[in-house]
Amino acid sequence: MTRGEAAQACIDRFGGKAFDPKAKRDCVRLAAHALHCQGVKCAPLKGLRYTTLEGGLRALKKLGFEDLMQAVDSLPGLTRIAGARAVAGDIVAMPCDDGPWGCALSVSVGNGRVFGFYEERGQVVIPKRILCAWRVEPCRK
């Protein structure tokens with residue numbers, strides 16, 4: 001799957017749907033879906049179960065991570081880059097005001113836009129501020 005197809009697959013799966021960790025619709029699963037579509041394994045999520053934000057944070061800490069950025073940094077096949085360099089399919093971290101997560105994850109769709117959960121719905125936005133991004137190196141078969 002190409003970068004653009006991976007970004008579109010995220011929009012198709014999460015677009016317009018409400019943020020709901022219980023229904024497996026949150027920024028972590030969005031980013032994991034983008035990685036999966038590009039053939040990148042996300043081992044820390046394998047078997048990880050949570051239904052609330054608090055439960056997700058406990059699971060993150062149990063894996064030894066202080067926040068989401070640290071967890072994404074640990075994934076093989078990703079290189080941290082400046083947010084302005086993100087292209088379609090890359091993972092983008094944006095500030096998150098609620099809670100100790102450190103950031104909210106989204107997926108670059110190109111042209112300075114990202115897809116993520118904003119105002120409790122999956123949608124494409126132009127971010128006001130980006131903390132960093134990760135270049136996804138898709139696995140080619």
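Residues numbered from 1 in each chain as written. Predicted model: local features only at pLDDT ≥ 70, side-chain atom pairs only at ≥ 80, totals over all residues. Heavy atoms only, no water.

Q: Is there a simple way to explain the overall build of the chain in this structure?
A: In terms of regular secondary structure, the chain is built from 4 helices and 6 strands. Helices and strands appear in the chain in the N-to-C order α-α-α-α-β-β-β-β-β-β. Seen through its C-alpha atoms, the chain measures out along the principal axes to roughly 35 × 30 × 25 Å. Counting every position in the chain, which comprises 141 residues, the buried fraction comes to 46%. Considering only intrachain contacts with a sequence separation of at least 6, the fraction spanning at least 24 residues in the chain is 63%. For the chain, the exposed surface amounts to about 7800 Å²; the carbon and sulfur share of it is 52%. Where the 22 positive side-chain charges of the chain centre and where its 14 negative ones centre are 6 Å apart. (Helix = DSSP H or I, 4+ residues; strand = E, 2+ residues; numbered from the N terminus. Buried < 20%, exposed > 50% of the residue type's maximum accessible area, 1.4 Å probe, protein only. Contact = heavy atoms within 4.5 Å. Areas by Shrake-Rupley, 256 points an atom, 1.4 Å probe, with all protein chains shown as cover. Lys, Arg positive; Asp, Glu negative; His and termini not counted. Charge placed at Lys NZ, Arg CZ, Asp CG, Glu CD.)

Q: Help me understand the sheet that holds strand E4 (residues 113–118), please; the structure alone is not making it clear to me.
A: Strand pairing in a sheet relies on backbone hydrogen bonds, with the paired strands running either antiparallel or parallel. Overall, antiparallel pairing links the 6 strands, which are arranged E1-E6-E2-E3-E4-E5 in an open sheet. Each of the sheet's edge strands pairs with one partner strand only, and the pair in question is strand E1 (78–81) and strand E5 (121–125). Ignoring which end each strand starts from, the neighbouring axes of this sheet average 30° apart. Across the sheet, helix H1 (residues 3–14) touches strand E3 (104–110), E4, E5 and strand E6 (132–136), and the angle it forms with E3 is around 125°. (Pairing = 2+ DSSP bridges. Axes fitted to C-alpha atoms, helices over the stretch in contact; angles between N-to-C directions.)

Q: Can you help me understand the packing of aromatic side chains in this one?
A: A ring pair, where both rings are aromatic, is described by two values, the distance of the centres and the angle of the planes. For the structure on display, the rule yields 2 aromatic pairs. Seen from their ring centres, Phe 14 and Phe 117 are 5.9 Å apart, and the 80° between their planes marks the pair as edge-to-face. Highlighted residues: Phe 14 in helix H1 and Phe 117 in strand E4, separated in sequence by 103 residues. As far as burial versus exposure is concerned, Phe 14 and Phe 117 are alike and both buried. A ring pair is formed by Phe 19 and Phe 117, whose centres lie 5.6 Å apart and whose planes are at 75°; its orientation type is edge-to-face. Pair noted here: Phe 19 is in the loop between H1 and helix H2 (27–37) and Phe 117 is in strand E4, with a separation of 98 residues, a long-range link. (Phe/Tyr/Trp six-rings, centres within 6.5 Å; stacked < 30°, edge-to-face > 60°.)

Q: Any chance you could explain H2 here in plain terms?
A: Because an α-helix packs 3.6 residues into every turn, residues spaced three or four apart end up facing the same way. Counting buried residues along H2, 10 of its 11 residues qualify, which places the element largely inside the surrounding structure. Buried residues of H2: Cys 27, Val 28, Arg 29, Leu 30, Ala 31, Ala 32, His 33, Ala 34, Leu 35 and Cys 37, and no others. Capping the start of H2, Asp 26 holds a side-chain oxygen 3.2 Å from the backbone nitrogen of Val 28, two or three residues further along. Immediately beyond the C-terminal end of H2, within one or two residues, lies Gly 39, with a positive phi of roughly 80°. (Polar contact = N/O pair within 3.5 Å; in protein donor to acceptor, adjacent residues only side chain to side chain.)

Q: Help me out: how do you make sense of the pattern of salt bridges in this one?
A: Enumeration over the complete set of coordinates arrives at 5 salt bridges. Its salt-bridge partner being Lys 61, residue Glu 66 comes within 3.5 Å of it at the nearest N-O pair. Residue classification places Lys 61 among the partly exposed residues on the basis of a relative accessible area of 39%. Sharing partners across several salt bridges, the network here consists of Arg 3, Asp 90 and Arg 135. (Salt bridge = Lys/Arg side-chain N within 4 Å of Asp/Glu carboxyl O.)

Q: Would you mind showing me how to read the pairing of strand E2 (residues 91–94) here?
A: Every regular strand shows the same layout, with side chains that alternate between the two sheet faces. On E2, burial covers both faces: Ile 91 and Ala 93 on one face and Val 92 and Met 94 on the other are all buried. Judged from the 4 bridges that link them, E2 and E3 form a sheet pairing that is antiparallel. The residue bridging Ala 93 from the neighbouring strand is Leu 105, located in E3. Two strands pair when backbone bridges link them, and E2 and E6 are joined in this way by 3 bridges, in the antiparallel orientation. Residue pairing in the sheet places Ala 93 in a bridge with Cys 132 of E6.

Q: I'm lost on the environment of Glu 119 in this one. Help?
A: Along the chain, Glu 119 falls in the loop between E4 and E5. Note: C-alpha distance between Glu 119 and Ala 18 (101 residues apart in sequence) is 9.0 Å.

So yeah, pure geometry; function would need other evidence.
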